[in-house]
Amino acid sequence: MLTDEYRYKILKELQYSPDLSQRELAKRLGISLGKTNFCLKALIEKGLIKAGNFKRSTNKAKYLYLLTPTGIEAKARLTRKFLHKKLQEHEALALEIESLREEAAISSEIAPEVSQHG
């Protein structure tokens, strides 16, 4: 259930906002609170993040999620993987756009001829 995509997104969010609540993290990711909780527990079990209570917080349920050295390495690997994937998607999209431009140019050249003969 914890895909590389969600693993990456969670690690990215927590790296820059370690004090995010699970509710806020769920909102940012567009997933349920239950799924967020499941994912965080899985990342903790894998040793990618650790959770600790804020020492001076009046809200003792508030956690601080910190990436472990293993988590930082995993995020770097996932970042490279997603960058490669997105570059491939970009290249495919650029080729498709060029093909559509060529098709549109040919269509606009043919269309006036068809209307003149009709």
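Scoring rules and cut-offs
- Residues numbered from 1 in each chain as written.
- Predicted model: local features only at pLDDT ≥ 70, side-chain atom pairs only at ≥ 80, totals over all residues.
- Heavy atoms only, no water.
- Axes fitted to C-alpha atoms, helices over the stretch in contact; angles between N-to-C directions.
- Helix = DSSP H or I, 4+ residues; strand = E, 2+ residues; numbered from the N terminus.
- Parallel < 35°, antiparallel > 145°, perpendicular 65-115°, else oblique.
- Contact = heavy atoms within 4.5 Å.
- Nonpolar A, V, L, I, M, F, W, Y, C, P; charged D, E, K, R; others polar.
- Salt bridge = Lys/Arg side-chain N within 4 Å of Asp/Glu carboxyl O.
- Buried < 20%, exposed > 50% of the residue type's maximum accessible area, 1.4 Å probe, protein only.
- Phe/Tyr/Trp six-rings, centres within 6.5 Å; stacked < 30°, edge-to-face > 60°.

Could you give me a rundown of the packing of helix α2 (residues 22-29) against helix α3 (residues 33-45), with the residues and numbers involved?
Running from N to C, α2 and α3 point in directions that differ by 105°, and their axes come no closer than 9 Å. Put simply, α2 runs roughly perpendicular to α3. Contact residues: Q22, R23, L25 and A26 in α2; L33, T36, N37 and L40 in α3. The class makeup of the residues in the contact of α2 with α3 is four nonpolar, three polar and one charged.

Tell me about the pattern of salt bridges, and name the residues and values.
A complete count under the given rule lists six salt bridges for this structure. For the salt bridge of K9 with E5, the shortest nitrogen-to-oxygen distance reads 2.9 Å. Highlighted residues: K9 and E5, both in helix α1 (residues 4-16), separated by four residues, approximately one helical turn. For K9, a relative accessible area of 30% corresponds to the partly exposed category. When the shortest N-O distance is used, the salt bridge between E89 and K86 registers 3.3 Å. Taken together, the residues E89 and K86, both in helix α4 (residues 69-117) and three residues apart, mark about one turn of the helix.

Report on the packing of aromatic side chains, specifying residues and quantitative values.
Pairs of aromatic rings are described using the distance from one ring centre to the other and the angle between the two planes. Under the definition given, this model contains two aromatic pairs. Each ring, one from Y8 and one from F82, has its centre 5.2 Å from the other, and the planes form 40°; the classification is tilted. Here the residue Y8 occupies a position in helix α1, and F82 occupies one in helix α4, the gap between them amounting to 74 residues. Both residues of the pair, Y8 and F82, count as buried.

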